[in-house]
Amino acid sequence: MSSWLRVLTGARKVAQAACQQTDWNAKAIRTAQHGRQIMDSLHKQYETMSITSATTGVSNDRLQTETIQSMNTNIPSSTPAPFSTSTKETTEVQQPEKASTFKTAYNELTQPPLELSNRSFASPGTAASTQVPDKPPKDFSQGSAVPSSRFGRAFGFARLGAGLVWGTAAEGLNRLVTGQSKISSIVVNDANAHRLAAALCRMRGAALKLGQMLSIQDQSLLPEALSRALEQVRQGAEAMPQYQLEQQMQQQLGADWRQRFETFDGHPMAAASIGQVHKATLPDGRTVVVKVQYPGVAESIESDLRNLTMLINLSGLAPKGLFIDKVLSVGQAELSLECDYVREAEHQIRVRQLVNEDPVLSTVHRFQVPAVIPELSTERVLTTEFCPGSTIDVVAHLSQEERNRIAKTILYLTFKEIFVWRLMQTDPNWGNFLYDVGTQTTSLIDFGATREYSKEFMDGYLRMVWASANRDAPTLLEQSRRMKFLTGDENETMIDAHIMSGYTVGEPFWSDEPFDFRGSNISSRLSGHMAVFMKHRLTAPPEEVYTLHRKIAGAFMLCIKLNAKIRCRDILYNIVKDYAFEDGLDRPVLELIA
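Residues numbered from 1 in each chain as written. Predicted model: local features only at pLDDT ≥ 70, side-chain atom pairs only at ≥ 80, totals over all residues. Heavy atoms only, no water.

1. Focus on the packing of helix α18 (residues 492–506) against helix α19 (residues 522–536)
Right, on to step 1. Orientation of α18 relative to α19, taken along the N-to-C sense of each, is 155°, at an axis distance of 9 Å. By the angle class used here, α18 and α19 are roughly antiparallel. Crossing hand, α18 versus α19: left-handed. Here α18 contributes Thr493, Met494, Ala497, His498, Met500, Ser501, Thr504 and Val505 to the contact with α19, which in turn contributes Ile522, Arg525, Leu526, His529, Val532, Phe533 and His536.
Right, on to step 2. Residues that form the contact of α18 with α19 fall into these classes: 8 nonpolar, 6 polar and 1 charged. (Axes fitted to C-alpha atoms, helices over the stretch in contact; angles between N-to-C directions. Helix = DSSP H or I, 4+ residues; strand = E, 2+ residues; numbered from the N terminus. Parallel < 35°, antiparallel > 145°, perpendicular 65-115°, else oblique. Left-handed = near helix turned anticlockwise from the far one by under 90°. Contact = heavy atoms within 4.5 Å. Nonpolar A, V, L, I, M, F, W, Y, C, P; charged D, E, K, R; others polar.)

2. Observations concerning the packing of helix α15 (residues 400–421) against helix α21 (residues 569–578)
Right, on to step 1. Relative orientation of the contacting elements α15 and α21 amounts to 20°, with a least axis distance of 10 Å. Accordingly, the angle class assigned to the pair α15 and α21 is roughly parallel. As for how α15 packs across α21, the hand of that crossing is right-handed. In this structure, α15 uses Lys408, Leu411, Tyr412, Phe415, Phe419 and Val420 to contact α21, whose residues at the interface are Asp570, Ile571, Leu572 and Ile575.

3. Quick word on unusual backbone geometry
Right, on to step 1. Located in the positive-phi region is aspartate 446, a residue other than glycine, with phi close to 65°.
Right, on to step 2. Looking at the element boundaries, aspartate 446 is found in the loop between β10 (441–444) and β11 (450–452).
Right, on to step 3. Non-glycine residue asparagine 521 carries a positive phi angle of around 55°.
Right, on to step 4. Among the structural elements, asparagine 521 can be located in the loop between β12 (515–516) and α19.
Right, on to step 5. Judged by relative accessible area, asparagine 521 falls into the partly exposed class, the value being 47%. (Buried < 20%, exposed > 50% of the residue type's maximum accessible area, 1.4 Å probe, protein only.)

4. Some remarks on the packing of aromatic side chains
Right, on to step 1. Within this structure, the stated rule accounts for 10 aromatic pairs.
Right, on to step 2. Note on tryptophan 257 and phenylalanine 261: the rings are 6.2 Å apart at their centroids and 75° apart in plane angle, and the pair reads as edge-to-face.
Right, on to step 3. When its relative accessible area of 5% is taken as the criterion, phenylalanine 261 is described as buried.
Right, on to step 4. A ring pair is formed by phenylalanine 415 and phenylalanine 509, whose centres lie 5.3 Å apart and whose planes are at 65°; its orientation type is edge-to-face. Here phenylalanine 415 is found in helix α15, whereas its partner phenylalanine 509 is found in the loop between α18 and β12, with 94 residues between them in sequence. Each member of the pair phenylalanine 415 and phenylalanine 509 is classed as buried. (Phe/Tyr/Trp six-rings, centres within 6.5 Å; stacked < 30°, edge-to-face > 60°.)

5. A word on empty space enclosed by the protein
Right, on to step 1. One pass over the full model with this rule turns up 6 cavities of 30 Å³ or more.
Right, on to step 2. Considered as a void within the structure, the second largest cavity measures approximately 80 Å³ in volume.
Right, on to step 3. Around the second largest cavity sit Val351, Leu413, Glu417, Trp421, Gln425, Asn432, Phe433, Leu444, Ile445, Phe447 and Lys551, which together line it.
Right, on to step 4. With 3 residues, α15 is the single largest residue contributor to the lining of the second largest cavity.
Right, on to step 5. Partitioned by chemical class, the residues of the lining of the second largest cavity number 7 nonpolar, 2 polar and 2 charged. (1 Å grid on protein atoms, 1.4 Å probe; cavity = no way out; pocket = protein on both sides within 12 Å on 5 of 7 lines; lining within 4 Å. Points joined across faces, edges and corners; volume = space filled by probe spheres on them.)

6. Some words on the pairing of β10
Right, on to step 1. The alternating pattern of β10 places Thr441 and Ser443 and Thr442 and Leu444 on opposite faces, both of which are buried.
Right, on to step 2. Inspection of the sheet shows strand β5 (residues 367–368) paired to β10 by 2 bridges, in the parallel sense. Bridge pairing in β10 places glutamine 368 opposite serine 443.
Right, on to step 3. Relative to β10, strand β9 (residues 433–436) runs antiparallel, the two sharing 4 bridges. The residue bridging tyrosine 435 from the neighbouring strand is threonine 442, located in β10.
Right, on to step 4. Hairpin connection, β9 to β10: the antiparallel pair is bridged by 4 residues, and glutamine 440 has positive phi, about 55°. (Pairing = 2+ DSSP bridges.)

7. Quick word on the pattern of salt bridges
Right, on to step 1. In total, this model carries 18 salt bridges according to the counting rule given.
Right, on to step 2. Aspartate 284 serves as the salt-bridge partner of arginine 286, at 2.9 Å between the closest nitrogen and oxygen.
Right, on to step 3. When its relative accessible area of 33% is taken as the criterion, arginine 286 is described as partly exposed.
Right, on to step 4. By relative accessible area, aspartate 284 is classed as exposed at 52%.
Right, on to step 5. Of the charged contacts, one joins lysine 577 and aspartate 578 as a salt bridge, the two residues approaching to 3.0 Å between their closest N and O atoms. (Salt bridge = Lys/Arg side-chain N within 4 Å of Asp/Glu carboxyl O.)

Given below as C-alpha cells:
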C-alpha cells in the first residue's frame with residue numbers, strides 16, 4: 001500500500017470513529033459526518049488515480065511526487081496554521097485525549113509521507129541531493145510549457161485533483177480537531193481556490209477559459225475564497241517558452257517563417273486563454289501583431305471540459321443556481337470557435353467593413369478595426385495591423401466630456417452589434433478596446449469570440465429589453481415565458497426578482513435624462529437579484545443569454561469605470577423605431593421619454 005493511501009486510510013478511520021461519538025454536540029457530529037464523507041471520497045479518488053497511473057504507465061512514485069509538488073505549490077502564505085496557539089479552545093466539543101488523536105492524524109495528513117520527504121532528487125549527471133533545488137524566478141519571456149499532449153493535460157488535471165484532495169482533507173481535519181463548524185464549504189477553502197486559479201493559468205485553453213467565464217460573474221454569486229482566487233485568472237495566462245513558439249510558427253508558416261518578417265519580437269505583448277501576441281514588422285515597413293495559438297489547445301477542449309466538469313461537480317466549487325453544466329456547454333462551443341483563427345479573420349474583416357460603413361462610429365467618433373494580413377494568417381496564427389493605444393480604461397483620467405463620448409459610443413456599438421448587425425464580439429474584456437490619447441481613436445481588436453444571433457431570437461429579446469426600459473411587467477413576463485427564461489412555475493420570490501432585475505438593466509433607458517452609472521449602484525443592485533436567482537431559478541436561460549448578458553454587463557461596467565453620465569434612451573429608442581419585427585406581434589409602443 002502506498003504511503004499516501006496509508007495516510008488517507010488512517011484519516012478515514014479517524015473520521016469514521018468521530019461519527020460514533022455520543023458525547024459531542026450536534027454541530028461537531030455534523031462536521032464529523034461531513035469529514036467522513038470527504039475521506040471516503042478521497043480514498044476512492046486516490047485509488048482511481050493509482051489505477052489510472054498503472055494503465056498509463058506512470059509509476060506510483062511519479063504520481064506521488066507530482067502530487068506533492070502540486071500540493072506544495074501556490075499555497076497562500078496567509079493560510080493560518082491549524083494548531084496555532086490562538087486557536088479557540090474546544091473542550092466542550094471533544095475530550096482532550098480525542099483531540100490529541102485527531103491532531104496526530106491531521107499532522108500526518110498535512111505533511112508529506114516520510115519516505116517522500118526524505119527522498120533524494122537527482123538530475124542527470126549530478127549526485128543526488130537531499131533537497132529539491134529552488135526554481136529560479138519565472139521570466140515572462142521564457143514562460144512555462146503548455147501541456148499539449150492528451151496525457152500531459154490529463155495528468156495536469158490529476159495533479160489539480162490531488163491538490164484539491166489535499167486541501168480538503170487538511171481543512172476537514174482542521175475543523176474536526178478545532179471543533180469548528182463553518183457554514184462555508186469544506187472544499188472551497190482559500191488554499192484550494194488558490195490551487196484552482198494557479199492550475200487554470202498554467203493549463204491555459206479550456207481550463208483558463210472556464211475560469212475567465214466564472215471570474216466575470218458577480219462576486220456575490222461565487223464563494224468568497226473562489227472569487228478572490230479568480231482575480232489571478234483575470235490577469236491572463238502564462239506565456240509559452242520559445243521552443244514551443246518556434247514549433248508553432250514553423251508548423252503554420254513554414255521553416256523559413258522568420259524571413260517573412262523584417263523583425264519579430266520573441267517577447268509576447270500579452271498572453272490569454274488560447275494564445276499569445278507578438279509585435280513584428282513586415283518587409284514593407286508595416287507594423288503588425290501576430291497571435292500564436294498554444295499547442296494542443298484546440299485538440300483538448302472536450303477532454304479538458306469533461307475533466308473540469310468532474311472536478312467542479314465533485315467539489316461543489318460553483319453554486320447550483322449557476323447551472324454550471326450549461327456554462328460549460330456554452331464555454332465549449334465558444335472555445336471551439338475561438339480556436340479557429342480563419343473564422344476569426346473572416347469576422348474581423350466583416351466587422352471592419354460594418355464599422356467603416358457606420359459614420360457615427362468611423363467618422364464622428366473615430367472607431368476602427370485593424371486590417372487582417374491574409375498571407376500571414378492560418379488556422380493557428382493570425383496576423384493583423386498594429387494599432388497604437390492603451391486599454392480603454394486609460395480614458396478614466398480624461399475629461400468628463402471625453403469619458404462620456406467614449407462610453408456612449410461603446411454603448412451605441414453594443415446595441416448596434418446585438419440588434420442591427422446581429423453579429424457581436426462577445427468578450428467584454430477592456431483589453432479589446434485600445435484608446436490612442438493623441439488621436440482620440442478607439443481600435444477594436446480580438447474577434448475570436450464573435451458570434452451571430454438569429455432574427456427570431458432578437459425579435460423577442462428586443463421586446464424584453466424595451467419592456468424593461470418602460471417598466472412594463474406584463475409584457476416582460478409574457479415574453480420571458482415565451483422565450484423560456486421562465487417556466488411559469490416560479491414562486492413569487494423568483495418572479496419579483498426577475499421583474500426587478502429587468503427593470504434594473506433597463507434603468508439607464510427609463511428617461512431621456514443623463515444616467516449616472518457609478519452613482520446609481522446598478523451593479524450591486526443587480527447582484528442582489530442574481531443572488532435570488534441562484535436559489536430559486538428553475539431553469540437555465542437560453543444559451544444566447546450567456547454571451548448577450550456578458551457583453552451588456554461589460555458595457556455597463558465600462559461606463560461605471562469611466563464614471564459616465566450620459567443619455568441612453570435615445571440609443572434604444574432609435575433601435576426599436578427602425579427595427580423590422582417579424583414575429584407577427586404588434587409593434588411596441590414608442591415613447592421617447594418614459
